[in-house]
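Structural overview
Here is how the chains run, residue by residue.
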Amino acid sequence: MIVRISGEGQFDLAEAHVDELNRLDDDLTKAVDAGDEGQFKSALEALLASVRTAGEELPADWIGPSDLVLPSPEATIHEVREVLGDEGLIPG
Amino acid sequence: MGLMRRFSNIFKAKASKTLDKYEDPRETLDYSYERTLEMLQKMRRAVADVATSRKRIELQAQQLQRSAAKLEGQAKQAVSQNREDLAREALTRRQAIATQLTDLQAQHDQLKAEEARMVEGSQRLQAKVDSFRIRKETMKANYTAAEAQTRVNEAISGIGEEMGDVGLAMQRAEDKVAQMQARSGALDELMASGALDDASTSSDRLQAELDRGFAEPAVEAELSRLKGELTGGGTTAKQLDAGQPAEAPAPAQAPAEEERR
């Protein structure tokens, strides 16, 4: 599974790791729903750290699509909401 | 759906829209390559913008540091003259500058980090551009309609994703630069108004008072020396009186005036 961390690069992860990512993603989703910037930062950092340690960074000249794209470590709730755009926080 | 999946889906949907698709995949490859080159140019300009903004902050900080040092000197001068009021004023102003400097330092660090990320980003993009150029030529050379579609699509969505990512990074950098420029402008105005600055404007008064503090005792000393010479029958007075009848002491000015005539 290929995972992109925005502004950082792409990582190759074992499929089995997706459960761990889903668990961390729950925390992140809760933080965005609550609009809690501090909680968001730590949840995002935990998610990205998990990708970095479990995955292997792909070389910069590798070209291919990702299965997952994650916000950059500097992202804010505002920025994430902007990307989500019209879909808002509760998808239809 | 979790945030991670929603973010991924929307990001990828947006990224794929950034590239036009042509009927012949080979054309799409060429078009995509052109777009990555444009993106690389934009990215380099964005890096330069961030650097310019950072340098401006550095200049402002230097200016503030000079002001702070000058005020520190003025405070010392005031203390040595027992002018606690002036020392207090100088130190208060220096404190305001110190606060601004701390803010500026934080902003500077942020910009520096942003700049480093942008440089890394443009290096990654450069690597992708180079590898994409080779890859698209290979794909075009060995083109067979049947297999091309998937491979081309993969390369194109990969490159589209990279462009979307770079686009986000540039957006973030532009926002930061705009914020920073607004702040720098406000600080320039503050400095020009003399609220922070020292010698050039408002603290002229401070310096003038300090100078007076030094000058006044010296002037007093000069004055008493002159008085002593003229009224106490100093040597100069005697010389000037030479040739005049030794009468009652004339007004000090009179002999000197006669002498000049």
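1. Looking at the overall build of chain A
Counting its regular elements, chain A contains three helices and four strands. Along chain A, from the amino end to the carboxyl end, the secondary structure elements read β-β-α-α-β-β-α. Dimensions along the principal axes, computed over C-alpha positions, put chain A at roughly 35 × 25 × 25 Å. Considering only contacts in chain A between residues 6 or more positions apart, those separated by 24 or more positions represent 69%.

2. Observations regarding the sheet that holds strand 3 (residues 56-57) of chain A
Read from one edge of the open sheet, four strands run 3-2-1-4 (chain A), paired in mixed fashion. At either margin of the open sheet sits one strand with a lone partner, and together these are strand 3 and strand 4 (68-70) of chain A. In this structure, strand 1 (residues 2-5) of chain A lies alongside strand 2 (residues 9-12) of chain A, joined through four bridges in antiparallel fashion. Residue pairing for strand 2 of chain A: A:Ile5 is matched across the bridge by A:Gly9. Sitting on the sheet, helix 1 (residues 3-17) of chain B touches strand 1 and strand 4 of chain A, and the angle it makes with strand 4 of chain A is about 100 degrees. In this fold helix 4 (residues 145-193) of chain B packs onto strand 1, strand 2 and strand 4 of chain A, with an angle of close to 20 degrees to the strand it touches most, strand 1 of chain A.

3. Examining the packing of aromatic side chains
How two aromatic rings sit relative to each other is given by the distance of their centres and the angle of their planes. All names here are of chain B. Throughout the structure, instances matching the rule amount to three aromatic pairs over all chains. A centroid spacing of 5.6 Å and a plane angle of 70 degrees characterise the contact between Tyr-22 and Tyr-31, whose relative ring orientation is edge-to-face. Owing to a relative accessible area of 36%, Tyr-22 belongs among the partly exposed residues under this scheme.

4. Some remarks on helix 2 (residues 37-54) of chain A
A rise of 1.5 Å per residue sets the reference length of helix 2 of chain A, with its 18 residues, at 26 Å; its end C-alpha atoms lie 26 Å apart and thus fit the reference within 8%. Among all positions of helix 2 of chain A, only A:Phe40, A:Ala43, A:Leu44, A:Leu47, A:Leu48, A:Ser50 and A:Val51 are buried. Across the axial projection of helix 2 of chain A, the buried residues extend over an arc of 150 degrees, all falling on one side. Buried residues belonging to helix 2 of chain A abut strand 1, strand 2, helix 1 (18-34), strand 4 and helix 3 (77-84) of chain A together with helix 1 of chain B. Between the side-chain oxygen at the start of helix 2 of chain A and the backbone nitrogen of A:Gly38 there is a gap of 3.1 Å, and the oxygen is on A:Asp36.

5. Some thoughts on the environment of B:Ala215
All names here are of chain B. Position of Ala-215 among the secondary structure elements: in helix 5 (residues 204-231). Overall, the relative accessible area of 36% leaves Ala-215 in the partly exposed class. The spatial distance from the C-alpha of Ala-215 to the C-alpha of Lys-55 is 41 Å, given a sequence separation of 160 residues.

6. A closer look at the interface of chain A and chain B
Counting residues at the interface gives 40 residues for chain A, matched by 28 residues for chain B. Between chain A and chain B lies a buried interface of about 3,100 Å² when both sides are counted; carbon and sulfur atoms form 57% of it. Applying the counting criterion to the chain A and chain B interface returns 21 residue pairs in polar contact (both at pLDDT 80 or more). If you list the elements that add at least two residues to the side of chain A that touches chain B, you get strand 1, strand 2, helix 1, strand 4 and helix 3 of chain A. Looking at the side of chain A that touches chain B element by element, the count peaks at seven residues for helix 1 of chain A. In the side of chain A that touches chain B, the residues fall into 21 nonpolar, 10 polar and nine charged.

7. Some remarks on the nonpolar core
Residues B:Leu64, B:Met118, B:Phe132 and B:Met170 are the most contacted members of the largest nonpolar core, which totals 45 residues. Elements with a minimum of two residues in this core: helix 2 (25-80), helix 3 (84-141), helix 4 and helix 5 of chain B. Contact partners of B:Phe132, with chain neighbours within four places excluded, come to A:Ile63, B:Leu29, B:Ser32, B:Tyr33, B:Ala155 and B:Ile159. A:Ile5, A:Ala31, A:Ala75 and B:Leu168 belong to the second largest nonpolar core, which has 31 residues in total.

8. Topic: helix 3 of chain A
An α-helix turns once every 3.6 residues. As a result, residues three or four positions apart point the same way. A:Ile77, A:Glu79, A:Val80, A:Val83 and A:Leu84 are the residues of helix 3 of chain A that are buried. Within helix 3 of chain A, the buried residues cover an arc of 165 degrees as seen down the axis, which keeps them to one side. Where helix 3 of chain A is buried, its residues meet helix 1 and helix 2 of chain A together with helix 1 and helix 4 of chain B. Following helix 3 of chain A by one or two positions, A:Gly85 has its phi on the positive side, about 55 degrees.

9. Here we look at the pattern of salt bridges
All names here are of chain B. Taken as a whole, this structure holds 29 salt bridges over all chains when the rule is applied. Note that Asp-85 is salt-bridged to Arg-83, the shortest N-O span being 2.9 Å. Between Lys-140 and Glu-137 there is a salt bridge, with the nearest N and O atoms lying 3.7 Å from each other. Highlighted residues: Lys-140 and Glu-137, both in helix 3, separated by three residues, approximately one helical turn.

10. As for the packing of helix 3 of chain B against helix 4 of chain B
All names here are of chain B. Their axes nearest at 10 Å, the elements helix 3 and helix 4 cross at an angle of 160 degrees. Classified by the interaxial angle, the pair formed by helix 3 and helix 4 is roughly antiparallel. The way helix 3 lies across helix 4 gives a crossing that is left-handed. Considering only residue class, the contact of helix 3 with helix 4 consists of 16 nonpolar, three polar and 11 charged.

11. With respect to a negative patch on the surface
Taken together, the side chains of A:Glu82, B:Asp49, B:Glu174 and B:Asp175 present a region of like negative charge at the surface. Examined against the element boundaries, B:Asp175 turns out to sit in helix 4. Exposure remark for B:Asp175: the relative accessible area of 39% places this residue in the partly exposed category.

What counts and what doesn't
- Residues numbered from 1 in each chain as written.
- Chains lettered and ligands numbered in written order.
- Predicted model: local features only at pLDDT ≥ 70, side-chain atom pairs only at ≥ 80, totals over all residues.
- Heavy atoms only, no water.
- Helix = DSSP H or I, 4+ residues; strand = E, 2+ residues; numbered from the N terminus.
- Contact = heavy atoms within 4.5 Å.
- Pairing = 2+ DSSP bridges.
- Axes fitted to C-alpha atoms, helices over the stretch in contact; angles between N-to-C directions.
- Phe/Tyr/Trp six-rings, centres within 6.5 Å; stacked < 30°, edge-to-face > 60°.
- Buried < 20%, exposed > 50% of the residue type's maximum accessible area, 1.4 Å probe, protein only.
- Expected span 1.5 Å × (residues − 1).
- Arc of directions from axis to C-beta.
- Polar contact = N/O pair within 3.5 Å; in protein donor to acceptor, adjacent residues only side chain to side chain.
- Buried area = accessible area lost by both parts, 1.4 Å probe.
- Nonpolar A, V, L, I, M, F, W, Y, C, P; charged D, E, K, R; others polar.
- Core = buried A, V, L, I, M, F, W, Y, C linked by side-chain atoms within 4.5 Å.
- Salt bridge = Lys/Arg side-chain N within 4 Å of Asp/Glu carboxyl O.
- Parallel < 35°, antiparallel > 145°, perpendicular 65-115°, else oblique.
- Left-handed = near helix turned anticlockwise from the far one by under 90°.
- Patch = residues over 30% accessible without salt bridge, like charges linked within 9 Å, V, L, I, M, F, W, Y side chains within 5 Å.
- Areas by Shrake-Rupley, 256 points an atom, 1.4 Å probe, with all protein chains shown as cover.
- Lys, Arg positive; Asp, Glu negative; His and termini not counted.
- Charge placed at Lys NZ, Arg CZ, Asp CG, Glu CD.

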